[in-house]
Protein chains: 2
Amino acid sequence: MEKKFMKLAMKEAQKAFDKDEVPVGCVIVKEGKVIARGHNVRQKTQNALKHAEMIAIEKACKKVGSWRLEECDLYVTLEPCPMCAGACINARIKNIFFGAYDPKAGCCGTLYDLPSDKRFNHRPNVEGGILKEECAQMLSSFFKNKRK
Amino acid sequence: MEKKFMKLAMKEAQKAFDKDEVPVGCVIVKEGKVIARGHNVRQKTQNALKHAEMIAIEKACKKVGSWRLEECDLYVTLEPCPMCAGACINARIKNIFFGAYDPKAGCCGTLYDLPSDKRFNHRPNVEGGILKEECAQMLSSFFKNKRK
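Position numbers for residues count from 1 along each chain, tracking the sequence in the order it is written. Lettering of chains starts at A and numbering of ligands starts at 1, both following the order in which they are written. Given that the model is predicted, a residue must reach a pLDDT of at least 70 before its local features are reported, and side-chain atom pairs must reach 80 or more before they are shown or counted; all residues, however, enter totals for whole chains, interfaces and linings. Hydrogens and water molecules were not included; the side-chain quantities draw on all heavy atoms of the structure.

Moving on, we get to the overall build of chain A. Helix and strand counts for chain A stand at five helices and five strands. Relative to the 2.2 N^0.38 estimate, which gives 15 Å for 148 residues, the radius of gyration of chain A is 14 Å and therefore close to what a compact globule would have. With respect to the principal axes defined by its C-alpha atoms, chain A has extents near 45 × 30 × 30 Å. Counting only residues that meet the buried cut, chain A has 57% of its 148 residues in that class. All accessibility values rest on the Shrake-Rupley procedure with a 1.4 Å probe; residue burial counts only the protein chains present in the view. Approximately 6,700 Å² of chain A is accessible, and the part contributed by carbon and sulfur atoms is 47%. In this tally Asp and Glu are treated as negative and Lys and Arg as positive; neither His nor the chain ends contributes. Here the site of a charge means NZ on Lys, CZ on Arg, CG on Asp, or CD on Glu. Averaging the coordinates of the 27 positive side-chain charges in chain A and doing the same for the 18 negative ones gives two points 3 Å apart. What counts as a helix is a DSSP run of H or I of at least four residues, what counts as a strand is a run of E of at least two, and both are numbered from the N terminus. The globule rule is 2.2 Å times the number of residues to the power 0.38, and the radius of gyration it is compared with is taken over C-alpha atoms. When accessible area is computed with a 1.4 Å probe and restricted to protein chains, residues below 20% of their type maximum are described as buried, those above 50% as exposed, and intermediate ones as partly exposed.

Here is the structure:
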């Protein structure tokens, strides 16, 4: 785990924030290099699937030329939801590093711990809470502005 | 629930079968009409996200012009995996109707029952086992051929 990659994921989250989207950002790293980036664009695209992780995983598959991302680490500023945790399992992501915990939908330890379930045919390692204050701060600023 | 829609989902699954993909098919129905179809194309696209449900949900969002598919029912030949069950929750699908149960990754009652979890902000209704023998038959033919 390298904090510099979470900082890059936070830069992606800032792009979402600037578009008035829930600020979540993601980067995927292979052999020490960022190979894909993504940020949440659900509102802009009006597509329920366009979470940061999904966009980054799709790009990474294209880059690697395979649906198997076995040597890839995913950094995301918010704990993945069931869809995104499931996508990480399906794409065989090696390590999931997330920032803020998500008490409402987090499926990498909070509500469920899907990636650690031995019944699935792949188990990404998970480490949460990386730069969690900074990651959570961006989310709380966003929702505070929304309520104004 | 109308079985004719599961038969249309099976037609989609047949398209996957014919492309040498794991035969899973899906249709999304709104006000009695099919508004989106999808079949698994993970191998062809080398994209881990291209399950039948994901393709159909993306198309349905485009058709409806919204990420909210609140009046939509999803018919799929195999029980959704965590990613696809999560996508149904995120897209606010009204009813999930599935065919065969999936003992390896099913998250609509088998390994987990994600759509019924009250902690998420939407809960699709689920009915499984519709035309399950026919749906399962297509899958077992596929894997039998693979092992030859």
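Glancing now at the nonpolar core. Counting residues in hydrophobic clusters, the biggest one holds 104 residues, and the most contacted among them are Ile28(A), Ile57(A), Ile28(B) and Ile57(B). Only heavy atoms enter the contact rule, under which two residues are in contact if any of them lie within 4.5 Å. In this structure Ile57(A) touches Ile28(A), Leu69(A), Leu74(A), Ala87(A), Cys88(A), Ala91(A) and Leu49(B), once residues within four positions along its chain are discounted. Put simply, buried Ala, Val, Leu, Ile, Met, Phe, Trp, Tyr and Cys residues joined by side-chain atoms within 4.5 Å make one nonpolar core.

The next thing to look at is the state of the cysteines. Residues and elements named next belong to chain B. Any two cysteine sulfur atoms lying within 2.5 Å of each other are counted as a disulfide. One pass over the full model with this rule turns up zero disulfides over all chains. Between Cys84, a cysteine without a disulfide, and Cys81, which holds the nearest cysteine sulfur, the sulfur-to-sulfur distance is 3.9 Å. The exposure class assigned to Cys84 is buried, which follows from its relative accessible area of 0%.

Another aspect to go through is the packing of helix H3 (residues 52-64) of chain B against helix H4 (residues 82-90) of chain B. Residue and element names in this part refer to chain B. The axes used here are C-alpha line fits, helices contributing only the stretch in contact, and every angle between their N-to-C directions lies in the interval 0 to 180 degrees. Viewed as axis vectors pointing N to C, H3 and H4 meet at an angle of 20°, and their least axial separation amounts to 9 Å. One element, H3, and the other, H4, form an angle in the roughly parallel class. Regarding H3 and H4, the two cross each other, and that crossing is left-handed. Residue-level inspection shows Glu53, Met54 and Ile57 of H3 in contact with H4, the latter providing Met83, Cys84, Ala87 and Cys88. Here the word oblique covers every angle except those under 35 degrees (roughly parallel), over 145 (roughly antiparallel) and from 65 to 115 (roughly perpendicular). In this scheme the crossing of two helices becomes right-handed for a clockwise turn of the near helix relative to the far one and left-handed for an anticlockwise turn of less than a right angle.

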